[in-house]
Amino acid sequence: MSVSTAALDSSVCAPLPVLGQDVTVPLVTGGEVTYAALDYAASAPALQRVWDDVAAYAPYYGSVHRGAGYLSQLSTDLFENSRRTVAEFLGCRADDQVVFTRSTTDSLNLLAAALPAGCQVFVYETEHHASLLPWRNARVTYLNAPRTPGQAVETLERALADRDPYGPALVCVTGASNVTGELWPVKELAAAAHAHGARIVLDAAQLAPHHPVDIAELDVDWVAFSGHKLYAPFGSGVLAGRADWLQEAEPYLAGGGASRKVARRADGGVDVDWHTTAARHEAGSPNVIGVYSIASACKALTEAGFDTLVAREQELVRRVREGLAEVPEVQVLSLFGDDAPRVGVISFVVRGWNSSHFAAALSAEYGIGVRDGLFCAHPLVRTLLGSDPQDPGECGAPEAEPGERSLNAIRVSFGAGTPDEHIERFLRAVSELVREGAQWKYRTEDGRCVPDRGEAARTL
């Protein structure tokens, strides 16, 4: 058994410079190696361009919308210009709003709080928990995992046609799975939703960093995504789309910035006149640095050319899939099949291995960072693994000892900053671990599989 180490075709374009690309980490077997960050689906490394832009602005930081001073005015202009940059990046319609949040999770919880009375929500069991769980105060219909894009559309159409009573409805769907990387038929799902009088929100957390997202072209009502997956640090997110439900809802947070006027009443209470702009849901001092970092990332990706970035990533996807296919013990997880288009997110299990043990060995013996667990998409991973919904296993925590089968999986993910060498090292490591076993012994400690510093598993 062997895995080809032929060089990738780098003629498409070079990886974009990111922070941490020269960081070295120790190996349990001795020495150090440059860290291979292959967990982009959790948090992508910040683009160097983003970091430089933020560093250049930092001395001029001031309170947004709060002061008459020069730095406050400069920061306010930068904040609002960032809103326009994000709107352009997403292809927003003229009357759409861009609301800045903390994350995709925060964005979808904001929308959940703004649902009109009696709204019914339709969501596939395949969603990330950020899309699956915010709708607790609504009537929710959970849709079974489809096995083809066409089946996804058909399932939604039947569910919407059968809803009773017929009233406001919202469909929530991912653009690209955080488990399989597979692209969902967003435009077709949007057409189905609108044909049945429903609206649709797109969870673009995994799509936006890998593929252009155009609200108008996809004809979705809202898009949510996170900055930390779009090569921007600092904990900011976006909810962009139609304004009416957001304008009619109570502010997500009550406080300064969300209100235009507050006055005492004769009876001792207060009257509040809330903003009708995006500020209505941006109470408190905003994260101007986080917002600016998102705008900087949007500009950087646009200027680099998304078509070129997509072409290079697809070459990496092809190489990883072909390399894993050469190892018979590896099973790649998929909903829609081998031919389904996908972004740089691939999950798999290895026959005879506990997934957490395998991921720990990749880190400790090869300096490769991947993710193991259920990826905050428990129902989907259990469906893909063919396990019972009640079987044990939780996000990132092994339930079995090293060497035993677990109900978790391993996820490798990459993007615009991934060097060819990281992919080749990963494929070589998978082959060697399967063929020769781990070099070191491992144990479970505080819910994580870690190397036992006392003893090697085999002669080094």
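Preceding block: the structure.
Criteria and thresholds
Residues numbered from 1 in each chain as written. Predicted model: local features only at pLDDT ≥ 70, side-chain atom pairs only at ≥ 80, totals over all residues. Heavy atoms only, no water. Salt bridge = Lys/Arg side-chain N within 4 Å of Asp/Glu carboxyl O. Helix = DSSP H or I, 4+ residues; strand = E, 2+ residues; numbered from the N terminus. Buried < 20%, exposed > 50% of the residue type's maximum accessible area, 1.4 Å probe, protein only. Core = buried A, V, L, I, M, F, W, Y, C linked by side-chain atoms within 4.5 Å. Contact = heavy atoms within 4.5 Å. Pairing = 2+ DSSP bridges. Expected span 1.5 Å × (residues − 1). Disulfide = S-S within 2.5 Å. Axes fitted to C-alpha atoms, helices over the stretch in contact; angles between N-to-C directions. Left-handed = near helix turned anticlockwise from the far one by under 90°. Nonpolar A, V, L, I, M, F, W, Y, C, P; charged D, E, K, R; others polar. Phe/Tyr/Trp six-rings, centres within 6.5 Å; stacked < 30°, edge-to-face > 60°. Lys NZ or Arg CZ within 6 Å of the ring centre and 35° of its normal.

Peer 1: For this particular structure, what's the right way to read the pattern of salt bridges?
Peer 2: Close approach of charged atoms allows side chains with opposite charge to pair. A complete count under the given rule lists 23 salt bridges for this structure. A salt bridge links Arg448 to Asp372, with the shortest nitrogen-to-oxygen separation between them at 2.7 Å. With a gap of 76 residues between them, Arg448 in strand β19 (residues 448–456) and Asp372 in strand β16 (residues 371–373) connect regions that are remote in the sequence. For Arg448, a relative accessible area of 34% translates into the label partly exposed.

Peer 1: Can you help me understand the nonpolar core in this one?
Peer 2: Inside soluble globular proteins, nonpolar side chains tend to come together where they are buried. Counting residues in each nonpolar core, the largest one holds 83 residues, and the members touching the most others are Leu90 and Phe225. Residue contributions to this core peak at eight residues, all from helix α9 (residues 288–304). Those residues in contact with Phe225 that sit more than four places away from it in its chain are Val86, Leu90, Ser103, Thr104, Ala204, Ala205, Ala208, Leu230, Gly237, Val238 and Ile294.

Peer 1: Would you explain the pairing of strand β12 (residues 270–274) in this entry?
Peer 2: In summary, the side chains of a regular strand alternate between the two faces of the sheet. The sheet contact formed by strand β11 (residues 259–264) and β12 spans five bridges and is antiparallel. Paired with Ser259 across the two strands is Trp274, which belongs to β12. The loop that links β11 with its antiparallel partner β12 comprises five residues; one of these, Gly268, has a positive phi angle of about 100 degrees.

Peer 1: Which parts of the structure should I look at to understand unusual backbone geometry?
Peer 2: Glycine aside, the phi torsion of most residues is negative, and most peptide linkages are trans. With an omega of 0 degrees, the peptide bond running from Asp164 to Pro165 counts as cis. Position of Pro165 relative to the elements: it lies in the loop between α5 (149–161) and β7 (169–174). With phi around 60 degrees, Asp219 is a residue other than glycine that occupies positive phi space. Counting through the fold element by element, Asp219 comes out in the loop between α7 (215–218) and β9 (222–226). The exposure class assigned to Asp219 is partly exposed, which follows from its relative accessible area of 33%. Positive phi is not limited to glycine here, since Phe375 has a value of about 60 degrees. Position of Phe375 relative to the elements: it lies in the loop between β16 and α12 (378–385).

Peer 1: What is the right way to read α9 from this model?
Peer 2: Working note: α-helix, 3.6 residues per turn, so residues spaced by three or four point in the same direction. Here α9 contains 17 residues, and its C-alpha end-to-end distance of 24 Å stays within 8% of the 24 Å for a straight helix at 1.5 Å per residue. Most of α9 is tucked away, with twelve of its 17 residues classed as buried. Those residues of α9 that fall on the buried side of the exposure criterion are Val288, Gly290, Val291, Tyr292, Ser293, Ile294, Ala295, Ser296, Ala297, Cys298, Ala300 and Leu301. Each element contacted by the buried residues of α9 is listed here: α1 (48–57), α2 (70–89), β4 (97–101), β9, β10 (237–241) and α10 (306–325).

Peer 1: Is there a simple way to think about the state of the cysteines in this case?
Peer 2: Disulfide: a covalent bond connecting the sulfur atoms of a pair of cysteines. Under the counting rule described, the total for this entry stands at zero disulfides. Take Cys13: it sits in no disulfide, and the sulfur closest to it among the cysteines is that of Cys298, at 18 Å. Given a relative accessible area of 16%, Cys13 falls into the buried group. Free of any disulfide, Cys298 has its nearest neighbouring cysteine sulfur in Cys92, separated by 10 Å.

Peer 1: What is the right way to read the packing of helix α11 (residues 355–366) against helix α13 (residues 420–436) from this model?
Peer 2: Axes are the key here: two packed helices are described by the angle between their axes and the distance separating the axes. For the pair α11 and α13, the least separation of the axes is 11 Å and the interaxial angle reads 115 degrees. Seen from above, α11 lies across α13 with right-handed handedness. On the side of α11, the interface is formed by Phe358, Ala361, Leu362, Glu365 and Tyr366, while α13 contributes Arg425, Phe426, Ala429, Val430, Glu432, Leu433 and Val434. Along the lines of polarity and charge, the residues of the contact of α11 with α13 split into nine nonpolar, no polar and three charged.

Peer 1: Explanation requested: the pairing of strand β17 (residues 409–413) in the structure shown.
Peer 2: Of all five residues that make up β17, five are buried, and the element is covered over most of its length. Here strand β14 (residues 345–350) runs beside β17; their pairing, made up of four bridges, is antiparallel. Counted as the bridge partner of Phe348 is Ile410 from β17. Note: β16 against β17, three bridges, orientation antiparallel. The residue bridging Gly373 from the neighbouring strand is Ala409, located in β17.

Peer 1: Teacher, can you tell me more about the sheet that holds strand β13 (residues 330–332) here?
Peer 2: The pairing of strands in a sheet comes from backbone hydrogen bonds and takes either a parallel or an antiparallel form. Strand order in this open sheet of four strands is β13-β14-β17-β16, and the pairing throughout is antiparallel. Looking at strand neighbours, the two that pair on one side only are β13 and β16, the edges of this open sheet. The average angle at which neighbouring strand axes cross in this sheet is 30 degrees, direction not considered. Helix-sheet contacts for α10 involve β13, β14 and β17, and the interaxial angle to β14 is about 10 degrees.

Peer 1: I would appreciate a short explanation of the packing of aromatic side chains in the present structure.
Peer 2: Each aromatic ring pair is summarised here by two numbers: the centre-to-centre distance and the angle between the ring planes. Applying the stated criterion across every chain yields a total of eleven aromatic pairs. Their ring planes at 35 degrees and their centres at 6.2 Å tell us that Phe89 and Phe306 sit as a pair that is tilted. Residue Phe89 is found in helix α2, and its partner Phe306 is found in helix α10; the two are separated by 217 residues along the sequence. Clustering of aromatic rings is evident, with ring pairs tying together Phe348, Trp353, Phe358 and Phe426. A cation over an aromatic ring shows up here: Arg163 above the ring of Tyr166, its NZ or CZ 4.0 Å from the ring centre.

Peer 1: Whenever I open this one, the sheet that holds strand β8 (residues 199–203) confuses me. Can you help?
Peer 2: Strands sit in the order β4-β10-β9-β8-β7-β5-β6 across an open sheet of seven strands; the sheet is mixed. Each edge of the open sheet is held by one strand with a lone partner, namely β4 and β6 (139–143). Pairs of neighbouring strands in the sheet enclose a mean axial angle of 20 degrees, with direction left out of account. Across four bridges, the pairing between strand β5 (residues 120–124) and β7 is parallel. Bridge pairing in β7 places Phe122 opposite Val171. Relative to the sheet, α2 contacts β4, β9 and β10, its axis offset from that of β4 by approximately 115 degrees. Strand contacts of helix α3 (residues 104–113): β4, β7, β8, β9 and β10, with the helix running at about 150 degrees to β9, the strand carrying the most contacts.

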